[in-house]
Amino acid sequence: MERDPGRVEQEQAGGTTDVPDLLCDLRPHLSLSGTRLPNTCHGKPAQGWGAQGSQLAEGWNHGSRSVSTDLVLERCDLELEANGRDHHTADLCREKLVVRRGQPFWLTLHFEGRNYEAGVDSLTFCAVTGPAPSEDAGTKARFGLSDAVEEGAWVATVVDQQDSALSLQLRTPASSPIGLYRLSLEASTGYQGSSFVLGHFTLLFNAWCPADAVYLDSEEERREYVLTQQGFIYQGSAKFINRIPWNFGQFEDGILDICLMLLDVNPKFLRNAGRDCSRRSSPVYVGRVVSAMVNCNDDQGVLLGRWDNNYRDGISPMFWIGSVDILRRWKNDSCQRVKYGQCWVFAAVACTVLRCLGVPTRVVTNYNSAHDQNSNLLIEYFRNEFGEIQSDKSEMIWNFHCWVESWMTRPDLQPGYEGWQALDPTPQEKSEGTYCCGPVPVRAIKVGDLSTKYDAPFVFAEVNADVVDWIRQDDGSMHKSINHSLVVGQKISTKSVGRDEREDITHTYKYPEGSAEEREAFTRANRQNKLADKEETGVAMRIRAGQGMNRGSDFDVFAHITNNTAEDHAGCLLLCARTVSYNGILGPKCGTKDLLNFSLEPFSEKSIPLRILYEKYCDYLTESNLIKVRGLFVEPAANSYLLAERDIYLENPEIKIRILGEPKQNRKLVAEVSLWNPLTVPLSGCTFTVEGAGLTKEQKTVEIPHPVEAGEEVKARVDLLPLNAGRHKLVVNFESDRLKAVKGFRNVIVNTS
């Protein structure tokens, strides 16, 4: 006879026990990842806790009641649809129960023969998580039926009773550890009773519950930072901000199991699983674990970082358009690191994991971001007489840098530091011996409180470090140059709530420049040199960009120099353009101009053009599409050095996306994607890759079999099958031999069938 996989059986006369591993084994959640649990549990009395090591409960019979009056559970309905709706987990509750802590959830017990009788029968529930559950650690709870809701306790309440069905509400404390739980029931009548495994459920943080540490009081923000599965990440430069679409996909098939797996292979779990599972009650702890596990520098983490533009044995960081493919690759390859990531990829994957676990999270981008290795809050560049950086230093200014912010309380810190916390999963410096960063309150960064946990000095430097340029003279001595063109920590950006627009959040990290509050913050941070007056000479220079700065085109940039003094200024003007990666690594020169006899009359200004040709930069432009333009004006008579730099972002061609047909739920849909080749040479090896939460179950790639000639359009069609009604984003990436990492997106509103 074929056995029902959800049935728990025991012969009442002390015979055999048949308890499926699926229901009774709660080893690390890793062992259950990808396993489908039944919606209902059919069961007769069971014996043994399986891997829990404690007795599930034998049937006992010491009283005078007959066996025929035993309370026997036929099945348990976990009410997936109702709970998924109430807990904002409908996308996760198709085949298993996923609920949020601090909020009641429903289940219905169906008994054989007769129903529960108050005063006659006793029902006791047991919920456990982790491989070594303990009531002291908060990973095990035993509780009975109660009419009163006790704050901070597990509670079961009868809601309705009809025929042989008993409808219950179970409430978990808002401080419970998150993770996979097993729920069982002990039913006793007099001196006899039996135990039943009701099933498993996953408990998440709850931004809707005021008692939860991640509570957000804005429904619009909860939807954006917990439920929204698509968004934007900002790149480019401070003067030309470029956004790329990203499919976070935190509710896509298998992602929750992968997030639980990530927690279960972290080194803290492997060292002490009981303590780790207990500490999962804290979003501060979970955030720190996720920050460490998204990179693989210390552990079996998800992504390997690489910044040298050599990605032949993996996938270029610029290729990715979503987190889902990355996390699935990691899981399917037995937790082997995925090659490769850079800052926005690390941040986006962390955002997916934290949103999936219920922590409100957003990706932020800081332009002109300092990497201060020695914690002196100072970035020093040493240059030769032409203004070229000489020292191969790890301390650099990144064109932009991405991290995440997560919303939570900080009971471990003084009041006022709740709210957004910065977490940085990109492996840069070790924190308490591990490559992770944060969480640190954004508020602490703004007020200059560098003693705050965790890693406040590093994050403060990212947005506030001073930059000093030293020019080596002919005699070998170093001369400090004037450079007002580079200000660390600009245009800190994130996606707006509910809109496809950029929100500037710089003011949450920094006070206005020159304000009394800024002076107070720098004084508190012991940054007195930041308050020193900037040296002025009356001569200023800045780099201006021309029009039509598109990849594949020739274009002009200009050194604009102003003399605000009553004196002549004469010397040499050196202009240079070089390709550059977003993290500041310079490539070959692609344009130079040296004016050895340059002069400025009193109260005058000049604009000197520098032509940059495609044929000069085409073979060296990185996938960041950035060119650094530098101007150095040297006045030998005054022993003065005036430096100006600017990063120029070259725009990619637009990907056009047409939706053919009316988007309806569970009905096939076709998307047509196209792009014009803007280059003067053909494109070979062309592919379009598309994905979108709610529109495709997995990433799809279309290869173009023939080269695309210069000025030609390339088109492809992709089949979609929208599973969910509502607003979704289709995200597209285009790759070829000479034009890479071109991104596009289209909002698609899917109606119900």
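How each quantity is defined
Residues numbered from 1 in each chain as written. Predicted model: local features only at pLDDT ≥ 70, side-chain atom pairs only at ≥ 80, totals over all residues. Heavy atoms only, no water. Pairing = 2+ DSSP bridges. Helix = DSSP H or I, 4+ residues; strand = E, 2+ residues; numbered from the N terminus. Axes fitted to C-alpha atoms, helices over the stretch in contact; angles between N-to-C directions. Contact = heavy atoms within 4.5 Å. Expected span 1.5 Å × (residues − 1). Buried < 20%, exposed > 50% of the residue type's maximum accessible area, 1.4 Å probe, protein only.

A look at the sheet that holds strand 23 (residues 478-480)
Piece 1. With mixed pairing, the three strands of this open sheet are ordered in space as 18-22-23. Sheet topology places strand 18 (378-383) and strand 23 at the edges, where each strand pairs with a single neighbour. Here the average twist between neighbouring strands, direction ignored, is 30°.
Piece 2. The pairing of strand 22 (residues 466-472) with strand 23 spans three bridges and is classified as antiparallel. Residue pairing across strands places tryptophan 470 opposite lysine 480, the latter belonging to strand 23.

Things to note about the environment of cysteine 259
Piece 1. One can find cysteine 259 in helix 4 (residues 255-264).
Piece 2. Once the C-alpha coordinates of cysteine 259 and valine 290 are considered, the two residues, 31 residues apart in sequence, prove to be 9.1 Å apart.
Piece 3. When residues no more than four places from it in sequence are discounted, the contact partners of cysteine 259 are Val353, Cys356 and Leu357.

As for helix 9 (residues 343-356)
Piece 1. Between its terminal C-alpha atoms helix 9 stretches 20 Å, which fits the 20 Å expected from 14 residues at 1.5 Å a residue.
Piece 2. One or two steps after helix 9, the chain reaches glycine 358, where phi turns positive at roughly 105°.

Examining unusual backbone geometry
Piece 1. Geometrically, the link from lysine 339 to tyrosine 340 is a cis peptide bond, its omega value of 10° lying close to zero.
Piece 2. Relative to the assigned elements, tyrosine 340 resides in strand 16 (residues 338-341).
Piece 3. The omega torsion of the bond from glycine 438 to proline 439 falls at 5°, within 30 degrees of zero and hence cis.
Piece 4. Its location among the elements puts proline 439 in the loop between strand 20 (419-423) and strand 21 (440-441).
Piece 5. The residue aspartate 163 is not glycine, and still its phi comes out positive at about 50°.
Piece 6. Overall, aspartate 163 belongs to the exposed group, its relative accessible area being 76%.
Piece 7. One non-glycine residue, asparagine 309, lies in positive phi territory at about 65°.
Piece 8. By the element assignment, asparagine 309 lies in the loop between strand 15 (303-305) and helix 8 (323-332).

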